[in-house]
Amino acid sequence: MTLASAPGDAILETQALTARYGHVRVLAPTDIRVRTGELVAILGPNGAGKSTLLRAILGLTSTTGQVMFQGKPLPRGDAVAVSARGVVLVPEGRGIFGPMTVEENLQLGAYRLGRDKPEFERRLARVLELFPRLGERRAQLAGSMSGGEQQMLAIGRALMGDPKILLLDEPSLGLAPRITAEIFEKLATLRDEGLPILLVEQKAPAALKMATRVYVLSLGRIAASLDADQITSHEDLAQYYFT
Amino acid sequence: MKTLRSTTSPDWRSALRLLPWGLSALFVGYGFVAGGYPATVIGFALVYAVFVTGLNLFMGYTNQVSFGQNAFAAVGGYMSAVLTTTYQWPVVPAMGAGVAAAVLLALVIGYPTLRLKGHYLAMGTLAIGLITYEIAVEWQSVTQGYLGISGIPPLGVGSYEVTSDRGQLALLVAIVLASTFISARIRDSRMGRAFLALGASENGAMALGVDVARTKLLAFLVSAAFAALAGCLFVHVVGYVSPEVFGLHMVILGFTMLYVGGVGSVAGPLVGALIVSLMPEVFRGFKDYQDLAYGAALIVILIYAPRGLASLFDRAKARPRSADL
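A quick note: this is a predicted structure, and the numbers were derived from the prediction, not measured.

Draft legend 1. How the structure looks around the sheet that holds strand β7 (residues 87–90) of chain A. Residues and elements named next belong to chain A. With mixed pairing, the six strands of this open sheet are ordered in space as β7-β8-β9-β4-β10-β11. Each edge of the open sheet is held by one strand with a lone partner, namely β7 and β11 (221–227). Mean inter-strand twist for the sheet, computed between neighbouring axes without regard to direction, equals 20°. Where helix α1 (residues 50–58) meets the sheet, its contacts fall on β4 (39–43), β7, β8 (165–169), β9 (197–200) and β10 (213–218), and the angle it forms with β8 comes to roughly 145°. Helix α6 (residues 147–160) rests against β7 and β8 of the sheet, and its axis sits at about 170° to β7.

Draft legend 2. Looking closely at the interface of chain B and chain A. Taken together, the 27 residues of chain B in the interface contact 34 residues of chain A. Carbon and sulfur atoms make up 59% of the surface buried where chain B meets chain A, a total of about 2600 Å² over both sides. Residue R187(B) pairs with E104(A) through a salt bridge whose shortest N-O separation is 3.0 Å. Inspection of the region where chain B meets chain A yields four residue pairs in polar contact (both at pLDDT 80 or more). At six residues, helix α8 (residues 190–200) of chain B tops the list of elements feeding residues into the side of chain B that touches chain A.

Draft legend 3. Just the confidence of the model for chain B, in detail. Residue and element names in this part refer to chain B. Per-residue confidence for chain B gives a mean pLDDT of 89, with 92% of residues at or over 70. Contacts for the low-pLDDT stretch residues 1–8, under 50 throughout, to residues beyond four places or in other chains number two contacts. Per-residue pLDDT stays below 50 along residues 316–325; that stretch engages in 37 contacts with residues further than four places along the chain or on separate chains. Overall fold confidence for the complex sits at a pTM of 0.83, while the interface term, ipTM, reaches 0.75.

Draft legend 4. Region of the structure containing the domain arrangement of chain A. All names here are of chain A. Partitioning chain A into domains gives domain 1 (1–86 + 166–175 + 194–243) and domain 2 (93–163). Of note, the centres of domain 1 and domain 2, computed from C-alpha atoms alone, are 25 Å apart. Taken together, the contact between domain 1 and domain 2 spans eleven residues of the former and ten residues of the latter. Both sides of the domain 1 and domain 2 interface together cover about 790 Å² of buried area, and 62% of this is carbon and sulfur. Looking only at domain 1, the three residues that lose the most surface to domain 2 are L166, L175 and L195, adding up to 45% of its buried area. The interface formed by domain 1 and domain 2 includes zero salt bridges. Taken together, the connections running from domain 1 to domain 2 amount to one residue pair in polar contact (both at pLDDT 80 or more). Contributions of two or more residues to the side of domain 1 that touches domain 2 are made by α2 (79–84) and β8. Partitioned by chemical class, the residues of the side of domain 1 that touches domain 2 number seven nonpolar, three polar and one charged.

Draft legend 5. Highlighting the confidence of the model for chain A. Residues and elements named next belong to chain A. For chain A, the average pLDDT comes to 88, and 96% of its residues sit at 70 or higher. Mean pLDDT values over the elements of chain A span from 72, in helix α9 (residues 234–241), up to 95, in β9. Low pLDDT, under 50, characterises residues 1–7; the stretch is placed with 19 contacts to residues that sit more than four places away or in other chains.

Conventions used here
- Residues numbered from 1 in each chain as written.
- Chains lettered and ligands numbered in written order.
- Predicted model: local features only at pLDDT ≥ 70, side-chain atom pairs only at ≥ 80, totals over all residues.
- Heavy atoms only, no water.
- Pairing = 2+ DSSP bridges.
- Helix = DSSP H or I, 4+ residues; strand = E, 2+ residues; numbered from the N terminus.
- Axes fitted to C-alpha atoms, helices over the stretch in contact; angles between N-to-C directions.
- Contact = heavy atoms within 4.5 Å.
- Buried area = accessible area lost by both parts, 1.4 Å probe.
- Salt bridge = Lys/Arg side-chain N within 4 Å of Asp/Glu carboxyl O.
- Polar contact = N/O pair within 3.5 Å; in protein donor to acceptor, adjacent residues only side chain to side chain.
- pLDDT = per-residue confidence, 0-100.
- Domains from an automatic or database assignment.
- Nonpolar A, V, L, I, M, F, W, Y, C, P; charged D, E, K, R; others polar.

As structure tokens, this is what we get:
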């Protein structure tokens, strides 16, 4: 296993983070790090514990170990407090609120903002600039949109919370390659703007195009920690998948 | 060249959305014109509309289950009845005290109970309703048990009492409109969006910063206030209260109205309350088969309008599914 870049100004760092469902431990002690301006991809086969890792960081599942964010530990078992620190998740399956309109979903993204209208408008303008299609469909019920539009909405809603780091769980799930490329292009824009992103993804080639670093997760443990440019072929990656 | 006209144009959709309100106005208008028994039936339906509006906030918006709303109606109703008959309080302050007492009870009960989820919450809240019913039966020195309390003054302000059928109906219409307006405002507020978000996914709402426990409790308190107001209205409209008024029957009727009208929609509680209250009257001609016809009609409605009658007209925000992504 090759070690990734040397430790630097990590914005998010897990320290021996484990997760369990009932009596079953699904995540062995895990140490990962995301630095400012990085897009870090978590790759691995089905059931490797990738989504669980994101849930564990947010405190949505039973955990041990610590998650340090901006140098301070994140509270455990209190997702509201975690999100208040600027750690925002775009969940697998998008988690949009179908019976609500696009605009209401975006308003919910800025829930913590309260009644600061100018700031809300600033954030909304930024989101609509990134995803103009959401602007065209503001009054549409979110549940009636296509999968790609729903994914845009899920990311847009997360951005409305002005995240300090964005956690994304399989944003390409169920999307055509063309739409996946479009979504990933937007993520690359966000990365270039300096937003740290932790991306869980099964479509490794697409993720590797934008990722700075990669962790390969297999059977609930980190099998490899690599710089993205160290992976040049499927074989480079496959060797870690079932180790 | 022939132009295709979209059947989902904004004007058409707006008109469609007004239909449930128009139909409701028609029913209520009939009550005014006819007076007497029809006015009484419509009046009861309007009292239930207030009760179901509260139930809708908790069940339709936040997707929680409460079989115990009758408890809050009982607390409100009995409090107002006792204060006006035994202690000679004016009606409005007595109703205010009844609503406040119910909200306080909801706060005490809701804090521990709302930690339960799904079926457990349903059973927990059912127990609250059953306990309240037993208290109403057994606490005879205050409630007079099965005999009930009679001579409760009618609705009114100060020395002005609304005694006529039509007068009461007008007052109830105003209260229902105010309740519906409040419900719609809540639905479109930050708090309402939090209700809807936790109704869709508690984890999703939490991840956006919604304090799920606090928001759930808030929805419970608001729905309890509506239930208590309905309880107060009931006792002052009828002039009598007994434990049976706030029994399990009230819960079943409330649920039926909510699901027939449209759970989660603003117009649903009013539409459901009117339809479910009027159906037995419509089927009265069926004599022995009245209950059968009533039951069959409910089943047909729930099969063909599973989200309730009001939802059939609530197409304003829907658009055809995009096909390009």
